[in-house]
Protein chains: 2
Amino acid sequence: MTTDVTDAAALADSIRAAGLKVTEPRVAVLAAIEREPHIDAGRIFRSIRSSLPGTSVQAVHGVLAAFSQAGLLRRIEPAHSPALYERRVDDNHHHIVCSACGAVEDVDCAVGHSPCLVPSSASGFQVQSAEVNFWGLCPNCQTA
Amino acid sequence: MTTDVTDAAALADSIRAAGLKVTEPRVAVLAAIEREPHIDAGRIFRSIRSSLPGTSVQAVHGVLAAFSQAGLLRRIEPAHSPALYERRVDDNHHHIVCSACGAVEDVDCAVGHSPCLVPSSASGFQVQSAEVNFWGLCPNCQTA
DNA sequence: CTCATGTTTTGAGTCATTCAAAATAAGGCT
DNA sequence: AGCCTTATTTTGAATGACTCAAAACATGAG
């Protein structure tokens with residue numbers, strides 16, 4: 001794991017680029033999300049506490065809040081799951097969640113048209129965005 | 001409010017039709033959802049406790065769980081909100097949520113095609129259902 | 001190197017929800 | 001009509017996810 005150094009440098013760069021101070025907890029959190037691209041605060045905490053003994057779940061929440069506000073992270077809240085964070089922020093993609101094990105994968109917008117962006121009747125609402133979540137069985141859970 | 005009697009009878013009927021015993025809390029919960037078609041457990045509790053002094057939020061959760069399992073209610077979990085319950089269960093409609101005040105309205109599937117039901121790439125998932133949530137400003141919050 | 005400011009730590013508290021055991025009521029049966 | 005089994009509600013407690021606030025600390029601009 002000698003590549004950690006360069007990785008950490010790259011992560012630090014994106015933190016700095018977002019106008020935030022670079023700290024150990026922040027780099028560690030970003031690295032954890034790199035490892036598992038759809039992850040919740042608790043998992044992040046468990047994933048980094050060995051290398052950062054002084055950290056707490058609250059600290060992780062603080063980092064995640066700062067990152068989300070800075071546009072470095074996107075927060076998604078699928079049903080039956082704590083909030084998940086992902087680094088893919090600059091496109092409007094969707095998600096597919098395994099109804100058995102909770103695994104999450106990205107799904108690109110259906111090609112050819114912007115699906116579901118125009119509801120048939122918006123009840124007078126001014127539509128700003130559309131969120132699409134697919135539910136199904138992941139490859140593993142299909143066999144089991 | 002003399003119509004309450006007939007209303008209660010109709011509600012009792014649908015509870016019985018779902019194979020469940022008819023009780024005061026159950027009728028009250030269903031009536032509360034009738035009054036406010038997208039409502040969470042806490043609001044239901046506050047809405048019925050005057051007429052049912054002995055009730056608790058836990059009881060409401062119990063009723064809601066039984067109803068959801070029996071297919072009498074649909075549970076939705078929009079981001080930034082506790083779970084909401086609605087009586088429209090037999091069609092696959094979607095929702096539009098006001099990003100300012102949280103108001104929720106139903107949205108029918110866009111006509112002509114089943115939008116978003118076929119993700120461009122499902123990563124090997126066996127897709128079972130698609131959930132679409134629109135976000136925007138409700139008529140009230142547009143002016144304010 | 002120093003200092004102001006942004007971050008993290010620490011400790012406590014809230015909200016939504018679940019669990020389990022005891023008390024109670026519904027409604028089929030006689 | 002009344003009893004009894006079983007479903008349901010009550011009561012009390014606990015959990016998980018997240019937020020808040022004050023004090024300690026580190027970053028990086030100067």
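Just so you know, these numbers come straight off a predicted model, no measurement behind them.

**Student:** Can you help me understand the protein's contact with DNA strand C in this one?
**Tutor:** DNA strand C sits among 18 residues. The nearest are Thr23 and Arg26 of chain A together with Val22, Gln58 and Ala83 of chain B. Taken together, the sugar and phosphate atoms account for 73% of what DNA strand C places within 4 Å of the protein. Between DNA strand C and Thr23 of chain A there is a distance of 2.6 Å, counted from a phosphate oxygen to a side-chain nitrogen or oxygen. When residues of the surface near DNA strand C are traced back to their parent elements, those giving at least two are helix 2 (24-35) and helix 4 (57-70) of chain A together with helix 4 (57-69) of chain B. Here the element with the most residues in the surface near DNA strand C is helix 4 of chain A; it accounts for three residues. In terms of residue class, the surface near DNA strand C is built from seven nonpolar, seven polar and four charged.

**Student:** Help me understand unusual backbone geometry, please; the structure alone is not making it clear to me.
**Tutor:** What you tend to see is this: most non-glycine residues have negative phi, and most peptide bonds are trans. With a phi angle near 65 degrees, His80 of chain A is a residue other than glycine that sits in the positive phi range. With respect to the secondary-structure elements, His80 of chain A resides in the loop between strand 2 (74-76) and strand 3 (84-86).

**Student:** What is the right way to look at the domain arrangement of chain A in this model?
**Tutor:** For interface size, the figure often reported is the accessible area lost on association. Residue and element names in this part refer to chain A. According to the domain assignment, chain A consists of domain 1 (4-85) and domain 2 (91-144). Facing the six residues of domain 1 at the interface are eight residues of domain 2. Among the residues of domain 1 in contact with domain 2, His38, Arg74 and Pro78 are the three that bury the most area, contributing 69% of the side total. Here domain 1 and domain 2 share zero salt bridges between them. The tally of links from domain 1 across to domain 2 stands at three residue pairs in polar contact (both at pLDDT 80 or more). For the side of domain 1 that touches domain 2, a count of residues per class yields four nonpolar, one polar and one charged.

**Student:** I keep staring at the environment of Ser81 of chain A and nothing clicks. Help me out?
**Tutor:** Residues and elements named next belong to chain A. Tracing the chain through its elements places Ser81 in the loop between strand 2 and strand 3. Under the relative-accessibility criterion, Ser81 is labelled partly exposed at 29%. As a C-alpha pair, Ser81 and Ala144 span 63 residues in sequence and 22 Å in three-dimensional space.

**Student:** Can you walk me through the protein's contact with DNA strand D in this structure?
**Tutor:** As a structural note, the neighbourhood of DNA strand D is formed by 18 residues, with Lys21, Val22 and Ala83 of chain A together with Thr23 and Arg26 of chain B the closest of them. For DNA strand D, the backbone portion of the atoms within 4 Å of the protein, that is sugar and phosphate, comes to 71%. One of the side-chain N or O atoms of Arg26 of chain B is found 2.8 Å from a phosphate oxygen in DNA strand D. Residue Gln58 of chain B places a side-chain N or O atom 3.4 Å away from a base nitrogen belonging to DNA strand D. Taken together, the elements giving at least two residues each to the surface near DNA strand D come down to helix 4 of chain A together with helix 2 (24-35) and helix 4 of chain B. The leading source of residues in the surface near DNA strand D is helix 4 of chain B, at three residues. Per-class residue counts for the surface near DNA strand D are seven nonpolar, seven polar and four charged.

**Student:** Looking at this structure, how should I read the sheet that holds strand 1 (residues 39-40) of chain B?
**Tutor:** The strands that make up a sheet are held in pairs by hydrogen bonds between backbone atoms, and each pair lies either parallel or antiparallel. Residue and element names in this part refer to chain B. One open sheet accounts for three strands, arranged 1-3-2; its pairing is antiparallel. Looking at strand neighbours, the two that pair on one side only are strand 1 and strand 2 (74-76), the edges of this open sheet. In this structure, strand 1 lies alongside strand 3 (residues 84-86), joined through two bridges in antiparallel fashion. Its bridge partner lying in strand 3, Ile39 is registered against Tyr85.

Parameters and conventions
Residues numbered from 1 in each chain as written. Chains lettered and ligands numbered in written order. Predicted model: local features only at pLDDT ≥ 70, side-chain atom pairs only at ≥ 80, totals over all residues. Heavy atoms only, no water. Near = heavy atom within 4 Å. Polar contact = N/O pair within 3.5 Å; in protein donor to acceptor, adjacent residues only side chain to side chain. Helix = DSSP H or I, 4+ residues; strand = E, 2+ residues; numbered from the N terminus. Nonpolar A, V, L, I, M, F, W, Y, C, P; charged D, E, K, R; others polar. Domains from an automatic or database assignment. Contact = heavy atoms within 4.5 Å. Buried area = accessible area lost by both parts, 1.4 Å probe. Salt bridge = Lys/Arg side-chain N within 4 Å of Asp/Glu carboxyl O. Buried < 20%, exposed > 50% of the residue type's maximum accessible area, 1.4 Å probe, protein only. Pairing = 2+ DSSP bridges.

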